[in-house]
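Residue-level structural notes
What follows is the residue order along each chain.
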Amino acid sequence: MASNLLGYFSNDIGIDLGTANTLVYVKDKGVVLREPSVVALDTNTRKVRAVGDDAKRMLGRTPGNITAIRPMKDGVIADFDVTEAMLRYFIGKARIHTLRIPPRVVIAIPSGITEVERRAVKDSASRAGAREVITIPEPMAAAIGVGLPIDEPAANMIVDIGGGTTEIAIISLAGVVFSKSVRVAGDELDSAIVNYMKRAYNLLIGERTAEEIKMRIGSAYPLDEEIDMEVKGRDSVAGLPKTIHITSQEIRDALADTISAIVDAVRATLERCPPELSADLVDRGFVLAGGGSLIRGIDRLLSDKTGLPVTVAEDPLSAVANGTGAVLNDINWLLQNV
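Now for a description of the structure that goes with this document. For clarity, every value in this text was computed on a predicted model and none was experimentally measured.

Considering the overall build of the chain
In terms of helices and strands, the chain carries twelve helices and 18 strands. Viewed in the frame of its principal axes, the chain has a C-alpha envelope of about 70 × 55 × 30 Å. The buried share among the 338 residues of the chain stands at 51%. In the chain, the proportion of contacts linking residues at least 24 apart, taken out of those at least 6 apart, comes to 62%. As displayed, the chain offers around 15,500 Å² of accessible surface, 48% of which is attributable to carbon and sulfur atoms. For the chain, the separation between the mean place of its 38 positive charges and that of its 45 negative charges on side chains is 7 Å.

What follows is the structure, encoded as structure tokens:
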């Protein structure tokens, strides 16, 4: 019986359907696809022209009849039809050289979404070619993906800073004791940089440039040695191309309010933790996952603000996808949640 079940599930996939990036995990193969959650559409025909990496290269650079959009916003579906097309493309691309049986799909979703939003995710995946769709809370998937011992009768805390949402959860005995989802994450950080450049330098930049600035010199905590970079954009007054130099300290100041909102959400979660589990966290601390955890010094800032040990996951970008993969390998979990 077990061998039959293993064969039945061997074509199944896990999806981290993120606001910024989508990762696909294929059972027994690991993460096989990691591409931006971007779709390029022909505005006249609504025909999909490109998806993923190809579409992201078009952001801000398309002719009038083509628009590059992100169908996910704040971790939920903003455009149902486009999300379906995107999922169909990713599922098809990830299943090259696999069986033609429609896959069972495990999708990680933000813990704070409504039942209607959850149903929209399941419907999109079903229409994109999944034979069955199982959803798992994103922080639970992240905790599993980073290897936290969630089955133990002790507190395990995860903070997953993604593109659209920051997911925070305290888990014990394989259940979520308390979770908090705030729609403040990587996209808000990018927006803060865009607004700062416009306000301080009258320089208009796009989201791709803002993301590059964030990754190259963004920080949440003072650096031992501040760094700088050259930024190109358009002068909002003269209307001409313009180049400036900015420092990591400036960007840290620009990001301060948004990062403070994430810190406040972490503290609010800790305040709701039962006393016995709080005692566990004094020694265990918590783990950071998601792209936002790669911002320099955010672990040190959170440790300072909470007084707890903070660890950045070994592969924070793949944490949620790896968690869906671990669920795929747990036949009992799948059978209980179909």
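Digging into the nonpolar core
Within the largest apolar cluster, 45 residues are counted, with the highest numbers of intra-cluster contacts made by M157, M197, I213, V231, I246 and F286. Element by element, the count of residues in this core is highest for helix 8 (residues 248-271), at nine residues. Two domains each put at least three residues into this core: domain 2 (141-184 + 262-314) and domain 3 (186-254).

Here's the deal with the pattern of salt bridges
For the structure on display, the rule yields 20 salt bridges. With a closest N to O distance of 3.4 Å, R46 and D79 form a salt bridge. In this pair, R46 sits in the loop between strand 4 (39-42) and strand 5 (48-51) while D79 sits in the loop between strand 8 (76-77) and helix 3 (80-94), placing the two residues 33 residues apart along the sequence. You can call R46 partly exposed: its relative accessible area is 47%. Residue K242 is joined to D235 by a salt bridge in which the shortest nitrogen-to-oxygen separation is 3.4 Å. Here the salt bridges do not stand alone but share partners, grouping R70, D187 and E207 into one network.

Calculation notes
Residues numbered from 1 in each chain as written. Predicted model: local features only at pLDDT ≥ 70, side-chain atom pairs only at ≥ 80, totals over all residues. Heavy atoms only, no water. Helix = DSSP H or I, 4+ residues; strand = E, 2+ residues; numbered from the N terminus. Buried < 20%, exposed > 50% of the residue type's maximum accessible area, 1.4 Å probe, protein only. Contact = heavy atoms within 4.5 Å. Areas by Shrake-Rupley, 256 points an atom, 1.4 Å probe, with all protein chains shown as cover. Lys, Arg positive; Asp, Glu negative; His and termini not counted. Charge placed at Lys NZ, Arg CZ, Asp CG, Glu CD. Core = buried A, V, L, I, M, F, W, Y, C linked by side-chain atoms within 4.5 Å. Domains from an automatic or database assignment. Salt bridge = Lys/Arg side-chain N within 4 Å of Asp/Glu carboxyl O.

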